[in-house]
Amino acid sequence: SERTFIAVKPDGVHRGLVGKVIQRFEDRGYKLVGLKQVVPSRDMTEEHYADLSKKPFFKGLVDYMSQGPVVAMVWEGKDVIRQGRAMIGATNPLESAPGTIRGQYCISVGRNIIHGSDSFESAEKEIGLWFGKAGEL
Ligand code: ATP
Ligand code: MG
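Residues numbered from 1 in each chain as written. Chains lettered and ligands numbered in written order. Predicted model: local features only at pLDDT ≥ 70, side-chain atom pairs only at ≥ 80, totals over all residues. Heavy atoms only, no water.

Caption draft 1: Spotlight on the nonpolar core. Phe25, Met73, Trp75, Ile101 and Ile114 are the most contacted members of the largest nonpolar core, which totals 19 residues. Those elements that provide at least two residues to this core are β1 (3-8), α2 (18-28), β3 (70-76), α5 (80-88) and α6 (101-105). Sequence-distant contacts of Trp75, defined by excluding residues within four places in its chain, comprise Glu2, Arg3, Thr4, Ile6, Ile22, Phe25, Glu26, Tyr30, Lys31, Leu32, Val33 and Val80. Phe5, Val33, Ala72 and Val74 belong to the second largest nonpolar core, which has 16 residues in total. (Core = buried A, V, L, I, M, F, W, Y, C linked by side-chain atoms within 4.5 Å. Buried < 20%, exposed > 50% of the residue type's maximum accessible area, 1.4 Å probe, protein only. Helix = DSSP H or I, 4+ residues; strand = E, 2+ residues; numbered from the N terminus. Contact = heavy atoms within 4.5 Å.)

If you want it as structure tokens, here you go:
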């Protein structure tokens, strides 16, 4: 069955939104197959966001994420990669629909509380990066 990597970012953890994120995925019918709280290294964070390394906000993003803590999760179920992105909502809170996680809980693109894999390839890479190369959960 399909799996995706979801992470509650430091702002989401500090604001106490971990339970709400978990609740939404459980309510939708998805299964939690991996969960841990970590303070990721800079190297790890840079690898996670490697596609964005040329962006002007990259350093700020890495500075922020690597302060942690991050609650890293793997969720499993039908179409969970695309459905997870739909539940999370648009990157920029100005565009995230009310009812999505970002649309309900945040107002700043640099503090948008949650990450979700954007493709099958990203999900594979990210699950390996955060939970071990074998991805054995
Ligand atoms: P994520 O990968 O964290 O799930 P996303 O896929 O919606 O988010 P990306 O384009 O992958 O969006 O950007 C990764 C993260 O970088 C965003 O979630 C956001 O926190 C930050 N970011 C993106 N664009 C900007 C920006 N213009 N200014 C500041 N931070 C940004
Ligand atoms: Mg992304």
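Let's pick the thread back up.
Caption draft 2: The site of ligand 1, seen in detail. In the vicinity of ligand 1, the contacting residues are Lys9, Tyr49, Leu52, Phe57, Leu61, Arg85, Thr91, Arg102, Val109, Asn112, His115 and Gly116. Take Tyr49: an N or O atom from its side chain is 2.6 Å from an oxygen atom of ligand 1. Residue Val109 places a main-chain N or O atom 2.9 Å away from an oxygen atom belonging to ligand 1. Within the complex, the protein chains bury 75% of what would otherwise be the 580 Å² of accessible surface of ligand 1. One can see that ligand 1 is located within the largest pocket. Residue composition of the shell around ligand 1, grouped by class: five nonpolar, four polar and three charged. (Near = heavy atom within 4 Å. Polar contact = N/O pair within 3.5 Å; in protein donor to acceptor, adjacent residues only side chain to side chain. Areas by Shrake-Rupley, 256 points an atom, 1.4 Å probe, with all protein chains shown as cover. 1 Å grid on protein atoms, 1.4 Å probe; cavity = no way out; pocket = protein on both sides within 12 Å on 5 of 7 lines; lining within 4 Å. Sits in = over half its atoms within 2 Å of the grid points. Nonpolar A, V, L, I, M, F, W, Y, C, P; charged D, E, K, R; others polar.)

Caption draft 3: How the structure looks around helix α4 (residues 58-67). For α4, the full list of buried residues reads Phe58, Leu61, Val62, Tyr64, Met65 and Ser66. Each element contacted by the buried residues of α4 is listed here: α1 (10-14), α3 (42-48) and β3.

Caption draft 4: The arrangement of the UniProt feature "binding site: ATP" (unreviewed entry) in the protein in detail. Feature annotation in UniProt places "binding site: ATP" (unreviewed entry) on Lys9, Phe57, Arg85, Thr91, Arg102 and Asn112, given in this structure's numbering. Lining the largest pocket, out of the annotated residues just given, are Lys9, Phe57, Arg85, Thr91, Arg102 and Asn112. Relative to the assigned elements, Lys9 resides in the loop between β1 and α1. In this structure Lys9 touches Tyr49, Met65, Pro69, Arg102, Asn112, Ile113, Ile114 and His115, once residues within four positions along its chain are discounted. The residue Thr91 is located in the loop between α5 and α6 in this model. Of the residues examined, Thr91 reaches a relative accessible area of 44% and is grouped as partly exposed. Setting aside chain neighbours within four positions, we find Thr91 in contact with Arg102, Val109 and Asn112. (UniProt positions renumbered as here; feature names shortened; annotations may be inferred.)

Caption draft 5: Quick peek at the sheet that holds strand β4 (residues 114-116). Within the open sheet, the four strands sit side by side as β2-β3-β1-β4. Their pairing is antiparallel. For this open sheet the edge positions go to β2 (31-38) and β4, each flanked by a neighbour on one side alone. Neighbour-to-neighbour, the strand axes of this sheet turn through a mean angle of 15 degrees, independent of strand direction. When β1 meets β4, the two strands line up antiparallel, connected through three bridges. Each bridged residue has a counterpart across the sheet, and for Ala7 the counterpart in β4 is His115. (Pairing = 2+ DSSP bridges. Axes fitted to C-alpha atoms, helices over the stretch in contact; angles between N-to-C directions.)

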